[in-house]
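# Structure assessment
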Amino acid sequence: MEALRRAYSRLCQQSGAEPQEAVLQRLLRPPRGRLDLATQSLTVDSCRALGKLLRAEAQLTELVLSDCMLSEEGAALLLRGLCANTAVRLLDLKGNNLRASGAEALGRLLRQNKSIQSLTLEWNSLGAWEDAFAAFCGGLAANEALRQLDLRNNQISHQGAEQLALALKGNTTLQQLDLRWNNIGLLGGRALVSCFPSNRSLRRLDLAGNNVPGDVLRAVEQGAGHNQDRQATLRESQARTQVLSQEVRHLREEKSRQFLDLMETIDKQRDEMAQSSRASAVRVGQLQEALSERHSIINALKAKLQMTEAALALSEHKAQELGERLAASEQGQLSQAQRLETERRLERQEAAERESKLLRDLSAANEKNLLLRDQVDEAERKVGSLQEQLFQARQQLTTTAAELKLRAIQAEERLDAERERSKQNLQDVESLRLKEVEHMTRHLEESERAMQERVQRLEATRLALEEQQRLAHLEEKLRLLGQARDEAQGACLQQRQTVAEAQARAGQLGLQVEGLRRRLEELQQELSDKEQEKVAEVARARAELRAERTAQQALREQVEALERQLRGLASDHREALLDRESENASLREKLRLREAEIARIRVDEAQRASFLQKAVLAYVQGAPSPPQ
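Given the structure is predicted, the values throughout are model-derived calculations rather than measurements.

Glancing now at the overall build of the protein chain. Scanning the protein chain from N- to C-terminus turns up 14 helices and seven strands. A total of 628 residues make up the protein chain; the buried ones form 39% of that total. When contacts within the protein chain are restricted to residue pairs at least 6 apart in sequence, long-range pairs at least 24 apart make up 84% of them. Summing over all exposed atoms, the protein chain offers an accessible surface of approximately 35,400 Å²; the carbon and sulfur share of this is 51%.

Take a look at the structure:
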């Protein structure tokens, strides 16, 4: 405080006056933040110096000037300095006999000062001059910082009380007002009561010693009590609002974390889908290579079949020549007829045994074909339960493999039965296979495009989530997934229809095989009537047949190896599909839990808001109306 003391001395010297020794003593070691000049007679020069000092002083928070016998000019100078002060919180001007000019200066102080919260004006004469007190009340109405005001023993009449009531209607910060020992009376008391409906901050109003009736005092106490209750309710509401704000902020942070976790999950799923797409493309390439190998094998079989047809045509030509020779030499061979008949009977028996053996082989092949078809149907039923378009593409690959297997079995049956196939039928089968391969390739491309579109839709979902519309878009996405599942089921039905058509074609081919079998039986009947020379030709044909059977056995082994490879691929496909389905189920469960949690939070917030609204309405309805 030494700096404050030197500043006071300097200001007094600048004004040409001597500093008061009592003031210097009080400034020497004052309590921290408090300047007590009570009962010190301050001169005008000291008031001027203190007013200038208080304009920029930021250390003093309490200023006590009670019983200082301030003159009107000195009070005006002090209050003018306090108008610009921003540190003083308590001002005590008790017993200074402030009059009209002092009241006006106090009005200006209340208008301009924004820091004083407690003002003591006891034992002054502010109410003796109505105009000056009206100016004081105007400053009080405009003030937004004052909390406590002491106006005891200020000769305030009922007119002053009315002015004070008007000021209180505009004031929103004053909490305690002491008007004891004035001349307010009944009219002034009623005027003060009328301010409570407009003023909601005044919690205490003392009117003792003012000749105010008891009912008016009770009305004042009731109004102050309502304001106290209102303030308590307001504080409680603010506390609840703060708690709710913290909870809402916590929920927003939790939603943000959940959104980030969901986005990470979507990114991981998108990466996994991309990896699965690349793996599917690699497997499709491998299957296409296998198809090309099958194509080369079928071409080799076609070439071998053409060679067999040429050999058979040559055998028929030779058989015709032998028939002509037999007709020419019938007359010379009558003696050998019995022997030839015996040989022909033996030949018929061998042919019958060979035919029965071929029939048994054919029935075994048919049973194997049926078993394989049952396995293919079972695989198709399992694949049909999948719900994603990626699973549809794999299902189509499995169906394609089954069709290729059926074709290989049909080719094996044709080779086992040693039946003729016309060149046109082979060309039709080849064109059909090419069309199916082209259809499968196109369907795979469409599936890949659908997967890309799904990834784009997921990206759109992420952007929509950033715009706080995650729930609606996720529901739409679930609906689209349901539609995709329905489309997958439709595609599965179409594939089953395709399998049924292939089975129908297989039945037609079986009928053709039966026709070829009957034709072979007729040829064998004709050959049985030939002579001994044709037996050598038949033996040679048997040798060729055995060689062809050996080649067919090798082809069967290759087909079985390919079937095992396809079964391994199908099992890998099924495991991958099951993994994807479990991951999708877990994601749907997480989404359902998040939606349930958000719904619960909304219900809790709505309940809290309704409880708060009911409490406020109950308080407002329970508050008594002001007296008329």
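With parallel pairing, seven strands are arranged side by side in an open sheet as β1-β2-β3-β4-β5-β6-β7. This sheet does not close on itself; its edge strands, each paired only once, are β1 (34-36) and β7 (204-206). Adjacent strand axes in the sheet meet at a mean angle of 0°, parallel and antiparallel pairs treated alike. By the bridge criterion, three bridges tie strand β6 (residues 176-178) to β7 in an arrangement that is parallel. Residue pairing across strands places Gln 176 opposite Arg 204, the latter belonging to β7.

Attention now moves to the packing of helix α3 (residues 44-56) against helix α4 (residues 72-83). Relative to each other, α3 and α4 sit at 5°, their axes nearing to 7 Å. Here α4 runs roughly parallel to α3, going by the angle between their axes. Of α4, the residues touching α3 (which contributes Val 44, Cys 47, Arg 48, Leu 50, Gly 51, Leu 54 and Arg 55) are Glu 73, Gly 74, Leu 77, Leu 78, Arg 80, Gly 81 and Leu 82. When the residues that make up the contact of α3 with α4 are grouped by side-chain class, the tally is seven nonpolar, three polar and four charged.

With that settled, the discussion passes to helix α5 (residues 100-112). A rise of 1.5 Å per residue sets the reference length of α5, with its 13 residues, at 18 Å; its end C-alpha atoms lie 19 Å apart and thus fit the reference within 8%. Here α5 has its buried residues at Gly 102, Ala 103, Ala 105, Leu 106, Gly 107, Leu 109 and Leu 110. On its buried side, α5 packs onto α4, β3 (90-92), β4 (118-120) and α6 (130-142).

Here the focus is the pattern of salt bridges. Inspection of the entire model under this criterion finds 19 salt bridges. A salt bridge links Glu 122 to Arg 152; its shortest N-O distance comes to 2.6 Å. One end of the pair, Glu 122, is in the loop between β4 and α6; the other, Arg 152, is in the loop between β5 (148-150) and α7 (158-170), and 30 residues separate them in sequence. The same class applies to Glu 122 as to Arg 152, namely buried.

What follows covers the environment of Lys 530. Locating Lys 530 in the fold gives a position in the loop between α13 (470-528) and α14 (532-622). With 208 residues separating them along the chain, Lys 530 and Leu 322 place their C-alpha atoms 7.4 Å apart. Aside from chain neighbours lying at most four places away, what touches Lys 530 is Ala 319 and Gly 323.

In terms of nonpolar packing, the biggest core is built from 70 residues, with Leu 121, Phe 136, Leu 149, Leu 151, Leu 177 and Leu 179 touching the most fellow members. When sequence neighbours within four positions are dropped, the list of residues in contact with Leu 177 reads Leu 149, Leu 151, Leu 164, Leu 168, Leu 202, Arg 204, Leu 205 and Asp 206.

Among the surface-exposed residues, Lys 52, Arg 55, Arg 80 and Arg 108 lie close enough to one another that they form a single positively charged patch. By the secondary structure assignment, Arg 80 is in helix α4. Take Arg 80: its relative accessible area is 44%, and that puts it in the partly exposed class.

Attention now moves to unusual backbone geometry. For Asn 97, which is not a glycine, the phi torsion comes out positive at approximately 50°. Its place among the elements puts Asn 97 in the loop between β3 and α5. Since its relative accessible area comes to 35%, Asn 97 is described here as partly exposed. Of note, the phi angle at Trp 181 is positive, near 60°, even though the residue is not glycine. Within the secondary structure, Trp 181 is located in the loop between β6 and α8 (185-193).

This brings us to the environment of Asp 131. Along the chain, Asp 131 turns up in helix α6. Taking C-alpha positions, Asp 131 is 9.3 Å from Ala 103, a pair spaced 28 residues apart along the chain.

With that settled, the discussion passes to a negative patch on the surface. The grouping of Glu 316, Glu 521, Glu 522 and Glu 526 at the surface amounts to a negative patch. Take the negative patch: its biggest share by element is three residues, from α13. In this structure, Glu 316 sits in helix α9 (residues 214-328).

With their axes 9 Å apart at the nearest point, α4 and α5 run at an angle of 0° to one another. Judged on the interaxial angle alone, α5 and α4 are roughly parallel. On α5, the residues that touch Glu 72, Ala 76, Leu 79, Leu 82 and Cys 83 of α4 are Ser 101, Gly 102, Ala 105, Leu 106, Arg 108, Leu 109 and Gln 112.

Moving on: the environment of Arg 407. Relative to the assigned elements, Arg 407 resides in helix α11 (residues 389-417). Each C-alpha atom, one on Arg 407 and one on Arg 433, is 9.3 Å from the other, the two residues being 26 residues apart in sequence. Excluding residues within four positions of it along the chain, Arg 407 makes contact with Arg 433 and Glu 436.

Conventions used here
- Residues numbered from 1 in each chain as written.
- Predicted model: local features only at pLDDT ≥ 70, side-chain atom pairs only at ≥ 80, totals over all residues.
- Heavy atoms only, no water.
- Helix = DSSP H or I, 4+ residues; strand = E, 2+ residues; numbered from the N terminus.
- Buried < 20%, exposed > 50% of the residue type's maximum accessible area, 1.4 Å probe, protein only.
- Contact = heavy atoms within 4.5 Å.
- Areas by Shrake-Rupley, 256 points an atom, 1.4 Å probe, with all protein chains shown as cover.
- Pairing = 2+ DSSP bridges.
- Axes fitted to C-alpha atoms, helices over the stretch in contact; angles between N-to-C directions.
- Parallel < 35°, antiparallel > 145°, perpendicular 65-115°, else oblique.
- Nonpolar A, V, L, I, M, F, W, Y, C, P; charged D, E, K, R; others polar.
- Expected span 1.5 Å × (residues − 1).
- Salt bridge = Lys/Arg side-chain N within 4 Å of Asp/Glu carboxyl O.
- Core = buried A, V, L, I, M, F, W, Y, C linked by side-chain atoms within 4.5 Å.
- Patch = residues over 30% accessible without salt bridge, like charges linked within 9 Å, V, L, I, M, F, W, Y side chains within 5 Å.
- Lys, Arg positive; Asp, Glu negative; His and termini not counted.
- Charge placed at Lys NZ, Arg CZ, Asp CG, Glu CD.

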